[in-house]
Amino acid sequence: MRKTAPRLRLAGALAAALMLAGIATGPTAQADERHGEEPTLADLAQRHGRYFGSATDNPELGDAPYTALLGSEFDQITPGNGMKWYATEPQQGVFDFSQGDEIVNLARANRQKVRGHTLVWHSQLPEWLTEREWTARELRAVLKKHIQTEVRHYRGKVFAWDVVNEAFNEDGTYRESVFYKTLGPGYIADALRWAHQADPRVRLYLNDYNIEGIGAKSDAYYKLAKELKAKGVPLHGIGLQAHLALQYGYPTTLEDNLRRFSRLGLDTALTEVDIRMQLPATEEKLTQQAEWYRDVTEACLAVRRCVGVTLWDYTDKYSWIPAFFPGEGAALPWDEQLAPKPAYFALREALGGR
């Protein structure tokens, strides 16, 4: 990917760029596009046949300026937590879809599509599931009921599901989750089949981090996807989370990786994009971050079956990074005051805007 700083037109003009916070950030942004004003990221992505989305979470929906921008700039939403197992089945057989429903209803009001996240994951499981030993027969029944109940509830309301999330370790071996240890690797194919039975039209993905470049972990997904496709298992795509960090280097084989999954007949999506840095943020780091945001977007645009890009929330105000990576942050295209950073303008340029 090209990394030349002059293309950013940002060096020496950082402060001026940040003063342009009014561009396409208000609730009338979509109306402005119809009147010849600045198009939103979603408008620009749609010209390429892609979506441009953001994750969100229930606690922040009471922030009116935040939700106005969420509703105007993006055409896709992913619930950050409200569809996970701990939220949707807090007691065995007792389902609560209120958090997910709130976000689905918001998206519908804004004519945005929703990505379901996530049905099977080793983390954020309720205690009733993690604090007892299961036989394979028992856990298989529990897993099938959970998947099918949730998928049926959101049938016709989500366009895709992250069915199994983070199934592999960094070296390409299977993660020792309760599902793998009790059911073996076949739980992944079963989960996809059960989800497909519950909603034959929804697109079904496997989703993970650190699989942006070609390496042991992404090779494991490639091998698994090839095997699943050969067996006729309903797998439609691979989600590459793209939680990147400046200090670890850019995944230069991203585009090649997207292409090899496409050759298997699979869609791909960049599902949880953020690009963190070691604080404090400097002009140099923000410029590099902007280049990376441009590069990941251009990689998706270059591969026909890369269907869209989703930020893992769009503002540093609600980023998960500082709590999980002390001393790191400033990972998103909008700052904590909802002002656009250089990354925002780089995204616009990558999508063909100004």
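Sequence order as written defines the numbering, with residues in each chain counted from 1. Since the coordinates come from a predicted model, pLDDT governs what is reported: local features require at least 70, and pairs of side-chain atoms require 80 or more to be given and counted, while whole-chain, interface and lining totals use all residues. Side-chain descriptors were evaluated using all non-hydrogen atoms of the structure, hydrogens and water having been removed beforehand.

Turning our eyes to something else, we now look at the overall build of the chain. What counts as a helix is a DSSP run of H or I of at least four residues, what counts as a strand is a run of E of at least two, and both are numbered from the N terminus. If you tally the helices and strands in the chain, you get 15 helices and 10 strands. Looking at the 354 residues of the chain, the share that counts as buried comes to 57%. Residue pairs in contact within the chain that sit at least 24 positions apart in sequence constitute 78% of those at least 6 positions apart. Relative accessible area decides the class of each residue, using a 1.4 Å probe on protein chains only: under 20% of the type maximum gives buried, over 50% gives exposed, and in between gives partly exposed. Here, residues are in contact when the closest pair of their heavy atoms is within 4.5 Å.

With that settled, consider the packing of aromatic side chains. The geometry of an aromatic ring pair is captured by two quantities: the separation of the ring centres and the angle between the planes. To pair, rings of Phe, Tyr and Trp, with the six-membered ring standing in for Trp, must have centres within 6.5 Å; the planes then decide the type, stacked if under 30 degrees apart, edge-to-face if over 60, and tilted in the middle. Within this structure, the stated rule accounts for 23 aromatic pairs. Clustering of aromatic rings is evident, with ring pairs tying together Phe52, Tyr66, Phe74, Tyr314, Tyr318, Trp334, Tyr344 and Phe345. Criterion for a charge above a ring: Lys NZ or Arg CZ within 6 Å of the ring centre, and within 35 degrees of the ring normal. Its guanidinium or amino end placed over the ring of Tyr209, Lys217 lies 3.6 Å from that ring's centre, counting from NZ or CZ. Just above the ring of Phe261 sits the side chain of Arg260; from NZ or CZ to the centre is 5.6 Å.

Next up on the list: the state of the cysteines. The disulfide definition used here is simple: a pair of cysteine sulfur atoms within 2.5 Å. Taken as a whole, this structure holds 1 disulfide when the rule is applied. A sulfur-sulfur distance of 2.1 Å marks the disulfide that ties Cys300 to Cys306. Judged by the sign of its S-S torsion, about -105°, the cystine formed by Cys300 and Cys306 is left-handed. Side by side, Cys300 and Cys306 carry an identical accessibility label, which is buried.

Here we take up the side chain of Thr297. With respect to the element layout, Thr297 can be found in helix α13 (residues 283-302). Residues contacting Thr297, with those up to four places away along its chain left out, are Phe52, Leu347, Ala350 and Leu351.

As a further point, take the pairing of strand β1 (residues 51-56). By the criterion of burial, β1 is predominantly enclosed, with 6 of the 6 residues buried. Side chains of β1 alternate between two faces, with Tyr51, Gly53 and Ala55 and Phe52, Ser54 and Thr56 buried alike. Paired strands are those between which DSSP finds at least two bridges. Where β1 and strand β9 (residues 306-311) come together, 4 bridges link them in parallel fashion. Counterpart to Gly53 in the pairing with β9 is Thr310. Across 4 bridges, β1 lies against strand β2 (residues 76-79) in parallel orientation. Residue pairing in the sheet places Ala55 in a bridge with Thr78 of β2.

This brings us to the nonpolar core. Membership of the largest hydrophobic core comes to 92 residues, with the highest contact counts inside it found for Trp161 and Leu206. Ranked by residue count, the leading element in this core is helix α10 (residues 186-198), at 8 residues. Apart from the residues lying within four places of it in its own chain, the contact partners of Leu206 are Val164, Ile188, Leu192, Tyr221, Leu224, Leu228, Leu235, Gly237, Ile238 and Gly239. Here, the term nonpolar core denotes a set of buried Ala, Val, Leu, Ile, Met, Phe, Trp, Tyr and Cys residues that are joined through side-chain atoms within 4.5 Å.

On to the packing of α13 against helix α15 (residues 342-350), then. Look at α13 against α15: their axes get within 8 Å of each other, and the N-to-C directions meet at 30°. Taken together, α13 and α15 sit at an angle that is classed as roughly parallel. Between α13 and α15 the crossing geometry is right-handed. Contacts between α13 and α15 involve Leu286, Gln289, Ala290, Tyr293, Arg294, Thr297, Glu298 and Leu301 on the former and, on the latter, Pro342, Ala343, Ala346, Leu347, Glu349 and Ala350. Classification convention: Asp, Glu, Lys, Arg as charged; Ala, Val, Leu, Ile, Met, Phe, Trp, Tyr, Cys, Pro as nonpolar; all other residues, Gly among them, as polar. Its residues placed into classes, the contact of α13 with α15 shows 9 nonpolar, 2 polar and 3 charged. Whenever a helix is involved, its axis is fitted only over the stretch in contact; in every case the axis is a line through C-alpha atoms, and angles between N-to-C directions fall within 0 to 180 degrees. To sort the angles, those under 35 degrees are grouped as roughly parallel, those over 145 as roughly antiparallel, those from 65 to 115 as roughly perpendicular, and the leftovers as oblique. Helix crossings fall into two classes, left-handed where the near helix is turned counterclockwise from the far one by less than a right angle and right-handed where it is turned clockwise.

Take the pattern of salt bridges next. Any Lys or Arg side-chain nitrogen found within 4 Å of a carboxyl oxygen on Asp or Glu counts as a salt bridge. All chains considered together, the criterion is met by 16 salt bridges. The residue Asp219 makes a salt bridge to Arg260 at a minimum N-O spacing of 2.9 Å. In this pair, Asp219 is assigned in helix α11 (residues 216-230) and Arg260 in helix α12 (residues 254-263), connecting sequence segments 41 residues apart. Owing to a relative accessible area of 35%, Asp219 belongs among the partly exposed residues under this scheme. According to the relative accessible area criterion, Arg260 is buried, its value standing at 10%. With its nearest N and O atoms 2.6 Å apart, the salt bridge here joins Arg276 to Glu328. Of the two residues, Arg276 sits in strand β8 (residues 267-278) while Glu328 sits in strand β10 (residues 328-329), which places them 52 residues apart along the sequence. Each member of the pair, Arg276 together with Glu328, is buried. Connected through salt bridges with shared partners, the residues Arg140, Asp190 and Arg193 form a single ionic network.

Nothing here speaks to function; it is all geometry.
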